[in-house]
Each structure stands twice: as structure tokens, then as C-alpha cells.
Amino acid sequence: MANFNIDAKKDLTYDAIVVGSGISGGWAAKELCEKGLKTLVLERGPIVEHVVDYPTMNWDPWDMEYRGGLTPEEKKKHYKNIRSGWVGKDTEHFWADDEANPYTEEKPFLWLRGHQMGGKSLLWGKQTYRWSDLDFEANAKDGHGVDWPIRYKDIEPWYTYVEKFAGISGEALGLPQLPDSHFLPPMELNCVEKHVKERIEKNFEGRNMIIGRVAHLTQPHNGRGQCQNRNRCSRGCPYGAYFSSNAVTLPAANATGNLTIRPYSIVQEVIYDDAKGKATGVRIIDAETNEVIDYSSKIIFVNASALSTAHILMKSTSKRFENGLGNDSGELGHNLMDHTYRVGAIGKVDGFEDKYYKGRRPNGIYIPRYVNIDEKSKSDKFVRGFGFQGSGYRGGNPANIESFGADFKDSILKPGDWEFFITGFAECLPYHDNKISLNKDVLDKWGQPTLTIDAEFKENEKALNKQIQEDAVEMLETAGLKDVMGFDKEHPPGYGVHEMGTARMGRDPKTSVLNGFNQVHAAKNVFVTDGACMTSSSCVNPSLTYMALTARAADHAVSELKKFNI
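Residues numbered from 1 in each chain as written. Predicted model: local features only at pLDDT ≥ 70, side-chain atom pairs only at ≥ 80, totals over all residues. Heavy atoms only, no water.

What to know about helix H10 (residues 459-478)
For H10, spanning 20 residues, the distance from its first C-alpha to its last is 29 Å, which sits close to the expected 28 Å at 1.5 Å a residue. Taken residue by residue, H10 has Asn460, Glu461, Leu464, Asn465, Gln467, Ile468, Asp471, Ala472, Met475 and Leu476 as its buried positions. Projected onto a plane normal to the axis of H10, the buried residues spread over an arc of 165° and lie on a single side. Projecting away from the buried face of H10 at angles above 90 degrees are the exposed residues Glu459 and Lys466. Where H10 is buried, its residues contact helix H6 (191-203), strand S12 (343-349), strand S13 (365-367), strand S14 (386-396), strand S15 (415-426) and strand S18 (482-488). (Helix = DSSP H or I, 4+ residues; strand = E, 2+ residues; numbered from the N terminus. Expected span 1.5 Å × (residues − 1). Buried < 20%, exposed > 50% of the residue type's maximum accessible area, 1.4 Å probe, protein only. Arc of directions from axis to C-beta. Contact = heavy atoms within 4.5 Å.)

Shown next, in the form of C-alpha cells:
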């Protein structure tokens, strides 16, 4: 793929502007372009063309200096990112520069960002699950947060729409709390996973264990190749086997001839015209020249990721919106959520020493939520629920260590013990005092105010994590594992990389920022469909819901535009 139109300077006026090119921004660009709108995508970082700009996609460990470790200069550049444990020589170029883009933590919070075309769609976990009415009705039923303005029936056809294009592999279960998708064939459980699945489902009524539902192709799909089980996804997949904006939605948008991408565009603000009563464009700073440029459009989708989207809206002030565009409710920047992460159990499995597996499957198992789904499963310890992800694998001596000689070579060829682990993902409630705010004392490289993040997990999330660990230990011991150990890394928010809620949808403009079609209540030609729009967080991964909400909102935007309503 090549020949993206990046020459935006010739034309300052478009039908639509999309801020950000990650998962939701890519979908917005595709849908708007395919509906005939000349669309400008503003990307903060450089162009990353599919395959062409994946420099490490075929590297082996011995191809990397320092055994894949970062240099002191690179560690300094990523001094916050490296807390995740995911930043190495093979992916360093896809993580944002913490020095140029600082943020302040009032309480510990890890904010992982991807500042390039495709954003974090190059780096995400690919786990894709539909939400259900258990999620969309939760706030209304237990009183935490505000009611979602939509229900499952409103988004169900859009789930199917995006799944058919993206390609989701998985297994149908028929569970009301985890609706089935439009699936490609599932990946296969290994022998130990099949063993643990049988023991858990036999001994725990209502608990199921399946292969993860993922945006990895298990067969060729729409001109893309199937997964080769390399598990080098975060470097970019040359086969296009996993869903990313770079491999899937942006090429589709580009094929229409309606797409222009402008890289190195730091969005300063969405421009709001008080006299017209609507937004008229976007002001950017060229990251390389510091030139300030205004672009005009009829429709604006702000999809910079949950915190960055709210950041942009908070900077977009006018006489009408002195505290940020669309912030009549005072909720802009509040209700920040993430999933709890890295709490569960691990153990060893005997009896399969003569068995192994082929390749490096980029997927694991999933145990859907089984608590607080009905009266029978109701807990008096907490509200909402959790699910588990994990996998079975064989350990052994790693080859990438300092040693030599025949004994060392023999040792790295000997398979180790079979091990199996599960880690829970629990829902975080939408607390008003979990928030971000503009920090005008700490500026970024371009002189823009940065963010201060003030968020924490509270008593409900801690109670969920306690139950996660207890249940994980019980399930693994019952499944016959030995040396079972529970763990809780006690990570603060951010490690789940599922930031949500900073410009939430709602029925009432007095308590929410967006309406049921993701329009800013008081500026209806501005749409937000990334994590910022979420009214609650469920316990399942949210990206598939962002995709469906985006396609639905783009369809509504074009319909309203044709009726001259926006």
C-alpha cells in the first residue's frame, strides 16, 4: 500500500475532519470517505504505511543490539512507558516520546500513547468482545454513573457490520452476558488448556473457558493473509493478519480517493463559531515547523484516544464554552476508568511432558464473567464483575541470555514444565473524582498545556480484585495444578490501557457531554467515538465497541448532513 495523499496544504477546506488515526479514527475515516465526504485525517505523528514502515517485523533476537534492550537514551525518552514492561528495541519507535509529551500524575497512572499513523491500533491486544445489556443497563440499575443513552439492540447491527469487515475469530457460546460475534473459525486450545477447560467447566457451574475472541484472521479475508503464529504483532504484521488502521480501514478509505492524511499535526483546538452555533474547523501546529494552520469542515470527529480527546476539547475554549467545548455539564475530563489488571494465579501442570505445540499463537483463553449476572450469581461484596484471560505454555531456559558451550545449547533445546495462568480484568466504576485537568505550568515541546491525571481504583475495584485472586487459585487447584500461587501486582489505573469515560455519553446534557449518537450535546457537528465517550467500562475489552459506535455515528453524521441538520 502506498500513495497516501498527504498534501493538505493545497486545500484548507474539507467535508469532514478526523482527529487521530487509531482504531476509532481509522473507522471514522473509512466510513466518511466511503459515503463520499472529502475527509482530512490529522495525525500527531509520522506516516506509517502498512509493511513499508514496519522496520523490525522480521527481526530475530540476534538481530538486535543489547539483546533487544533499550539504550540509556531510549530509556530516558520512554521513562514513563517502560513501567509497562512492553517497550523494547523492537517496538520503541511505536511508543510516544515521554520527554516531548510530558504529563503529571497526581496519583500513580500509566498513560501509554502511540503517536503515529495507526496509533495504538498497531500495539493493541486484539481481544474483541461484544458488550451486552448487562453492561448498557448497569449504571441505571445500581446507580453508579449515569444511564447509557443506548441499549444493545441499538448497536447490535453495527457490531455485525464492523466484525464482517475487520475479521474476528472465535467460538460461539450463546451467553447473554457475552453476545456472540460474526466469527471466523476459532484458534485452537493447546492440550493443557483443553485439560484445564474440562476440569473448570465440570466443577464450577456457570463457568466457561474458551479460546480468546480476537481480531486475528484464521483464514484469508478481504485480501489480507491469515495469522502465521509469529506473535510479533506489535512490530506490525506484514500479512495484515490482525486488525489495524494501517492494514485495514485507512487503505479502504484511501481507495475511495476522498482521503487526505496530514502527519505531524498537533491539534491546538476545535474552532467553535459562537455566531453560527457550531464548530467550523480545527487549528493545528505543525510539529516540525511550528506553523499554525486552520482547517475548515462541516463535520469533525475527535478520536485522539480517551485522554487526548478530552484534552483537545478542554483546550477548545470560546465565549460560549469558557471551560472547554461541550462542557456545559462540567463532566468533561471526569469519570476516567480503566480495567484492573495483573491479578490472578499461576501453577504447574503434570502429565503432558510428551506434548508440545507449534508456533507462537498470539492469543490465549477467556473465561467470561460469571458473577452478578443474575440473582443466583449475585455477590454482596461488590457490584459489577470480571472475566479472566490467560494461557497454558511450556517454559524452559531462554536462549537470549549470556552463556555458551554445549551444555548451554542442550539446555535451551529442552522443554521446561507446563505452566498455566489466568489474570482477571475487572470493571472500574465511573467516579466523578477520577479526572484529568489542564496543567498550564507544565508545557509540551510545542508550548501547549499538558494534562494532570488524578485517578485511582477504589474499594469496589479492590474487592473485585480480592475475589479474582481467590477464584483464580480455587479454579487452578481444582483443575489439578500444583504449586499454585495467587498474585496481585496492585497496579494503579493505566496498565490495562483501556482508558474510558472522559467525555461520556448520556441522556441528559446536564450530566453528560455526548448524546446517543456520540454528538456533543451543544455542538452537534462534533462527534467523539473513542474511549472518551464510554459511560461505563464493562469488564471486557472495549475496542470492538469503539468500532461499532464509530460506524454508527458516521452513518448518523452523514444522514444529518444531508438533511441540513448539522
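Further notes follow.
Observations regarding the sheet that holds strand S17 (residues 449-454)
On the basis of which strands lie adjacent, the open sheet formed by three strands has the order S3-S17-S16 and mixed pairing. Of all the strands in the sheet, the pair left with one neighbour each is strand S3 (104-105) and strand S16 (435-443). Contacts from helix H8 (residues 306-315) reach S16 and S17, with the element oriented near 65° to S16. (Pairing = 2+ DSSP bridges. Axes fitted to C-alpha atoms, helices over the stretch in contact; angles between N-to-C directions.)

A short note on the pairing of S12
Among the seven residues that make up S12, five are buried, leaving the element largely enclosed by the rest of the structure. Direction of pairing for S12 relative to S18: antiparallel, over a ladder of five bridges. Residue pairing across strands places Ala345 opposite Gly486, the latter belonging to S18. Where S12 and S15 come together, six bridges link them in antiparallel fashion.

Structural notes on empty space enclosed by the protein
With the rule as written, the count across this model stands at two cavities of 30 Å³ or more. Roughly 110 Å³ of internal volume is contained in the largest cavity. In terms of lining, the largest cavity is formed by 13 residues, of which the most central are Cys227, Arg230, Asn231, Cys233 and Cys237. Classifying every residue of the lining of the largest cavity by side-chain character gives six nonpolar, five polar and two charged. For the second largest cavity, the calculated volume is near 50 Å³. Per-class residue counts for the lining of the second largest cavity are six nonpolar, two polar and two charged. Each of two domains, domain 1 (13-59 + 115-127 + 245-337 + 434-448 + 499-563) and domain 2 (187-231 + 339-427 + 458-488), supplies a minimum of three residues to the lining of the second largest cavity. (1 Å grid on protein atoms, 1.4 Å probe; cavity = no way out; pocket = protein on both sides within 12 Å on 5 of 7 lines; lining within 4 Å. Points joined across faces, edges and corners; volume = space filled by probe spheres on them. Nonpolar A, V, L, I, M, F, W, Y, C, P; charged D, E, K, R; others polar. Domains from an automatic or database assignment.)

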